[in-house]
Amino acid sequence: MLQFIIRRLLHSILVLLAISVIIFFSIRLTGDPVTVMFAAGEPSPEAIESVRENLGLDEPLPVQYLVFLKNLATFDLGESFRTGLPVTEMVVDKMGATLLLAFGGVFVAMLIAFPVGILSAVKRGTAVDFFGRIFSLIGISFPNFWLGIMLILIFSVNLQWLPASGYDGIEYLILPSIALGMILSGILARLVRSSMLENLSQQYVSTARSKGLKEWVVIMRHTFRNALIPTITFLGIQFGSLLGGTVIIEQVFSWPGVGRMIIDAINQRDYPVIQGGVIMLAMIMVLVNLLVDISYSLIDPRIKAGGGSS
Amino acid sequence: MSKVLDVKDLEVSVKIDNERRNIVNKVSFSVNEGETLGIVGESGCGKSMTSLSIMDLLPQALSVTGGSLTLNGEELTKLSKNAYRKKRGKEMAMIFQEPMTSLNPVYTIGFQIVELVRNHTKKSKKEAYDRALHMLKLVGIPRADQVLHEYPHQLSGGMRQRVMIAMALSCNPGLLIADEPTTALDVTIQAQILRLMQSLQDEMNMSIVMITHDLGVVAETCDRVIVMYAGEVVEEATVEELFESPKHPYTKGLVASVPNMDKDEEYLSSISGTVPTPEQMPTGCRFAPRCKHAFEACHQTPPLFDVNEQSKSRCWLYHEEASNVQEGRKEVGAGNHS
Ligand SMILES: Nc1ncnc2c1ncn2[C@@H]1O[C@H](COP(=O)(O)OP(=O)(O)OP(=O)(O)O)[C@@H](O)[C@H]1O
Ligand SMILES: [Mg+2]
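Calculation notes
- Residues numbered from 1 in each chain as written.
- Chains lettered and ligands numbered in written order.
- Predicted model: local features only at pLDDT ≥ 70, side-chain atom pairs only at ≥ 80, totals over all residues.
- Heavy atoms only, no water.
- Helix = DSSP H or I, 4+ residues; strand = E, 2+ residues; numbered from the N terminus.
- Contact = heavy atoms within 4.5 Å.
- Areas by Shrake-Rupley, 256 points an atom, 1.4 Å probe, with all protein chains shown as cover.
- Lys, Arg positive; Asp, Glu negative; His and termini not counted.
- Charge placed at Lys NZ, Arg CZ, Asp CG, Glu CD.
- UniProt positions renumbered as here; feature names shortened; annotations may be inferred.
- Axes fitted to C-alpha atoms, helices over the stretch in contact; angles between N-to-C directions.
- Left-handed = near helix turned anticlockwise from the far one by under 90°.
- Nonpolar A, V, L, I, M, F, W, Y, C, P; charged D, E, K, R; others polar.
- Buried area = accessible area lost by both parts, 1.4 Å probe.
- Salt bridge = Lys/Arg side-chain N within 4 Å of Asp/Glu carboxyl O.
- Near = heavy atom within 4 Å.
- Polar contact = N/O pair within 3.5 Å; in protein donor to acceptor, adjacent residues only side chain to side chain.
- Phe/Tyr/Trp six-rings, centres within 6.5 Å; stacked < 30°, edge-to-face > 60°.
- Buried < 20%, exposed > 50% of the residue type's maximum accessible area, 1.4 Å probe, protein only.
- Core = buried A, V, L, I, M, F, W, Y, C linked by side-chain atoms within 4.5 Å.
- Pairing = 2+ DSSP bridges.
- Parallel < 35°, antiparallel > 145°, perpendicular 65-115°, else oblique.

## Points about the overall build of chain A
Piece 1. A tally of helices and strands in chain A yields twelve helices and zero strands.
Piece 2. From first element to last, N terminus to C terminus, chain A shows the α and β order α-α-α-α-α-α-α-α-α-α-α-α.
Piece 3. Over its C-alpha atoms, taken along the principal directions, chain A stretches across nearly 85 × 55 × 30 Å.
Piece 4. Counted over contacts in chain A with a minimum sequence separation of 6, partners at least 24 positions apart contribute 74%.
Piece 5. In the structure as shown, chain A presents an accessible area of about 15,500 Å², 67% of it carried by carbon and sulfur atoms.
Piece 6. Chain A carries 21 positive and 21 negative side-chain charges, and their two centres are separated by 22 Å.

Here it is in structure tokens:
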């Protein structure tokens, strides 16, 4: 187990290195932050030069990158060009809200997809299955920002049931979580359905029935438990795109998370904040994938942590 | 001897495109206490569907559409789903052909047996685990106390089939249905499993329905046999009768296709042609198109004739009143040696 975790950790570090290269250099293709900072007036070349020097932007790019890496190793993400605040602190500050939203999305997705997928599979070919599949299709087809706006219009503006923006209590989490989790729930419901169908035709299900177990025990304890295995991997992989989705949802719901911070930083060409935010999101993704891999070996006894099934 | 299981005129049909087709047609047989009844026949003749209908485990598209099933004097077909369910695992149990996939891969052996025991008894967890351990030892599993905590993938096919047997018998069912329990196993393991089943049968005084297409298994384990062809019973006989003087031409073909060391045969005979599918079922005798003795009468559906005390045959050659019966018998006998 330890060996497996170490190997996965090394792998994760490589992935993060690759991400850091991509972020670092691609941001610098977007324009010079100093000219944006002085957008208001007409600064003297000397002033620009000194700002540059201060921010370390006068060094050659590879040198800047190495400095960035060196600091990253100690979780020092530099300071915001704008506010001078340490980026690490800024990101950590906002990360809680973003993670809360992401898990809210996953929770909504599971809450909807598990029953829909299971029922669809068990009642295959009936009206229940038909509506389940229609639901999946609808869930997948609506872009999440549009869904977010619709939810606000209906539940906040018209019905006034739920708050539309900000975060000040659990009720604020509901609409953005639904908006974020809907697409995932559509895809997940399909996956659960096909995975359930595959498992329902397995011999061990007949064995479970031949034992005289109640049908729901056969479905949940025996079939669903097996169908869950591919589902967990899938959720782990999808968590990344869900985190990506928070960037948009945070805009729509004025959610005080990392995503909104990054968008603001992009507008201001605040390199350290963009880099720091994205790198931290990437780290979370990598960490979640690692956790999924580990939990996978717990859920499926055939997978030995250490690789390969026997 | 009392009848444990009595099957009368069982009909199983499948619904395809709003059309019903019989897969099992008026099948009748009974199993006495402590007896092993064999069901033999080629692949696709309806052996599995017959046994699954007894357990009420038919696949969704299939259903019992006629006949009666009586277990220990109680009519099963009229039971509610729930009452039927409570019989499974307790009064009747089943083991399947594929030991590799019959157990749930994500639960330990112990858990799976305990689950069954606790489903039907009021035993505590501890008592149920003791029962599971006892059963594993009974079926000859070495290191039983460790195996209790192992997962199916850690065991070989033969061991898994032993586990299946241990589980099936853990609540002392009076009837065990074994659907080709040894087909997927090595020959040496096959013999071990069959011997195990026989010794457990003696010990627990249970009845066994042994489904197989292997006449070797029949010879070794069964008391009586029914031979199925295309969803129908074509012959019923004691195991001695079956091998010494098979009646139905299909049975003769089956018996003749077993390699025999005593006789000096130059080639193995086998039955030409294949089992008809439900879509293209011949009218009259279903075996007639493959039968070398087919004659006029075979256009009519033959009933199951009582040939003697122990055997029945669904073949016009055994029509008592027909004067050509004796000739027919000779002819069949002669055909067997040619
Ligand atoms: N789900 C199903 N839908 C339609 N037809 C089916 C279904 N399952 C089985 N059948 C048909 O039922 C018939 C009997 O099948 P069954 O499995 O009982 O045969 P079997 O005698 O057990 O054969 P084998 O030796 O291969 O196990 C076959 O003709 C098969 O095509
Ligand atoms: Mg079969």
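Back to the write-up after that little detour.
## Notes on the UniProt feature "domain: ABC transmembrane type-1" (unreviewed entry) in chain A
Piece 1. In the numbering used here, UniProt assigns the "domain: ABC transmembrane type-1" (unreviewed entry) feature to residues 95-292 of chain A.
Piece 2. Secondary structure content for residues 95-292 of chain A is 84% helix and 0% strand, and the end C-alpha separation is 20 Å.

## Section: the UniProt feature "transmembrane region" (unreviewed entry) in chain A
All names here are of chain A.
Piece 1. Under the feature "transmembrane region" (unreviewed entry), the UniProt entry names residues 9-27, 99-122, 134-157, 169-192, 227-253 and 273-292.
Piece 2. For residues 134-157, the helix share is 92%, the strand share is 0%, and the end-to-end C-alpha distance is 28 Å.
Piece 3. Within the segment residues 227-253, helix and strand shares are 96% and 0% respectively, and the terminal C-alpha atoms sit 35 Å apart.

## Points about the packing of helix H4 (residues 109-120) of chain B against helix H5 (residues 125-138) of chain B
Residue and element names in this part refer to chain B.
Piece 1. Orientation of H4 relative to H5, taken along the N-to-C sense of each, is 115 degrees, at an axis distance of 9 Å. Crossing geometry of H4 relative to H5 is assigned as right-handed. Only Lys125, Ala128, Tyr129, Arg131, Ala132 and Leu136 of H5 make contact with H4, whose side of the interface consists of Ile109, Gly110, Phe111, Ile113, Val114, Val117 and Arg118.
Piece 2. The class makeup of the residues in the contact of H4 with H5 is nine nonpolar, one polar and three charged.

## Quick word on the interface of chain B and chain A
Piece 1. Counting residues at the interface gives 25 residues for chain B, matched by 21 residues for chain A.
Piece 2. For the pair chain B and chain A, the summed buried area comes to about 2,100 Å², and 56% of that belongs to carbon and sulfur atoms.
Piece 3. Together, B:Val106, B:Glu115 and B:His153 form the three largest contributors to the area buried by chain B at its contact with chain A, with a combined 27%.
Piece 4. Seen at the junction of chain B and chain A, the total is two salt bridges.

## So, the site of ligand 1
Residue and element names in this part refer to chain B.
Piece 1. Every residue near ligand 1 is listed here: Val14, Ile23, Glu42, Ser43, Gly44, Cys45, Gly46, Lys47, Ser48, Met49, Leu62 and Glu180.
Piece 2. The backbone of glycine 44 places a nitrogen or oxygen atom 2.8 Å from an oxygen atom of ligand 1.
Piece 3. Here an oxygen atom of ligand 1 and a backbone polar atom of lysine 47 are 2.9 Å apart.
Piece 4. For ligand 1, the accessible surface in isolation is 640 Å², of which the surrounding protein chains cover 68%.
Piece 5. In terms of residue count, helix H1 (residues 47-55) provides more of the shell around ligand 1 than any other element does, three residues in total.

## Observations concerning the pattern of salt bridges
All names here are of chain B.
Piece 1. Under the defined criterion, the tally for this structure stands at 20 salt bridges over all chains.
Piece 2. Between glutamate 35 and arginine 224 there is a salt bridge; the shortest N-O distance is 2.7 Å. Placement of glutamate 35 in the loop between strand E2 (19-32) and strand E3 (36-40) and of arginine 224 in strand E9 (residues 224-229) is noted, with a sequence separation of 189 residues between them.
Piece 3. Its salt-bridge partner being aspartate 56, residue arginine 88 comes within 3.9 Å of it at the nearest N-O pair. You can see arginine 88 sitting in the loop between helix H2 (81-87) and strand E6 (92-95) and its partner aspartate 56 sitting in the loop between H1 and strand E4 (62-71), a full 32 residues away along the chain.

## Observations regarding the packing of aromatic side chains
The geometry of an aromatic ring pair comes down to the distance between the two centres and the angle between the two planes.
Piece 1. Tallied over the full model, the rule gives 15 aromatic pairs over all chains.
Piece 2. Measuring from ring centre to ring centre gives 5.9 Å for A:Phe155 and A:Trp161, while their planes differ by 40 degrees; the resulting arrangement is tilted.
Piece 3. What makes A:Trp161 exposed here is its relative accessible area of 60%.
Piece 4. Between B:Tyr229 and B:Phe287, the ring centres sit 5.0 Å apart and the planes meet at 85 degrees, which makes this aromatic pair edge-to-face.

## Looking at the nonpolar core
Piece 1. Judged by nonpolar contacts, the single largest core of 100 residues is most densely connected at B:Leu5, B:Phe29, B:Leu136, B:Ile165, B:Leu176 and B:Met197.
Piece 2. Excluding its chain neighbours within four sequence positions, the residues that come into contact with B:Leu176 are B:Ala93, B:Met94, B:Ile95, B:Ala168, B:Leu169, B:Met197, B:Met206, B:Ser207, B:Ile208 and B:Val209.
Piece 3. In this structure, A:Ile118, A:Met182, A:Leu242 and A:Ile274 belong to the second largest nonpolar core, which totals 68 residues.

## Focus on the UniProt feature "domain: ABC transporter" (unreviewed entry) in chain B
Piece 1. Listed under "domain: ABC transporter" (unreviewed entry) in the UniProt record, and renumbered for this structure, are residues 5-255 of chain B.
Piece 2. Secondary structure over residues 5-255 of chain B splits into 40% helix and 28% strand, and the C-alpha atoms at its two ends are 27 Å apart.

## A look at the environment of B:Ala230
All names here are of chain B.
Piece 1. Mapped onto the secondary structure, alanine 230 falls in the loop between E9 and strand E10 (232-238).
Piece 2. As for alanine 230 and methionine 281, which are separated by 51 residues in sequence, their C-alpha atoms are 8.3 Å apart.
Piece 3. Residues contacting alanine 230, with those up to four places away along its chain left out, are Cys45, Val275, Pro276, Met281 and Arg286.

## Examining the sheet that holds E2(B)
All names here are of chain B.
Piece 1. If you trace the four strands from one edge of the open sheet to the other, you get E2-E1-E4-E5, paired in antiparallel fashion. At either end of the open sheet lies a strand with only one pairing partner, and these are E2 and strand E5 (74-75).
Piece 2. When strand E1 (residues 3-16) meets E2, the two strands line up antiparallel, connected through ten bridges. Bridge pairing in E2 links isoleucine 16 to glutamate 19.

## Section: the pairing of strand E8 (residues 207-212) of chain B
Residue and element names in this part refer to chain B.
Piece 1. A large share of E8 lies buried, amounting to six of its six residues.
Piece 2. Pairing geometry for E3 and E8, over five bridges, is parallel. Each residue of the ladder has a partner; that of isoleucine 39, found in E8, is isoleucine 211.
Piece 3. Bridge analysis of strand E7 (residues 175-179) against E8 gives five bridges, and the strand direction is parallel. When the sheet's bridge partners are listed, leucine 175 is paired in E8 with serine 207.

## Description of the packing of helix H1 (residues 2-27) of chain A against helix H4 (residues 61-73) of chain A
All names here are of chain A.
Piece 1. Close contact between H1 and H4 brings their axes to 11 Å; oriented N to C, the two are set at 135 degrees. Considering the angle they form, H1 stands oblique to H4. Relative to H4, H1 is oriented so that their crossing is right-handed. Of H4, the residues touching H1 (which contributes Leu17, Ser20, Val21, Phe24 and Phe25) are Leu61, Gln64, Tyr65, Phe68 and Leu69.
Piece 2. Of the residues that constitute the contact of H1 with H4, the class distribution is eight nonpolar, two polar and no charged.

## Examining unusual backbone geometry
What you tend to see is this: most non-glycine residues have negative phi, and most peptide bonds are trans.
All names here are of chain B.
Piece 1. Backbone geometry places aspartate 9, a non-glycine residue, at a positive phi of 50 degrees.
Piece 2. Tracing the chain through its elements places aspartate 9 in strand E1.
Piece 3. With relative accessibility at 36%, the residue aspartate 9 sits in the partly exposed group.
Piece 4. Even without a glycine there, the phi angle at alanine 230 is positive, about 50 degrees.
Piece 5. Residue classification places alanine 230 among the buried positions, given a relative accessible area of 5%.

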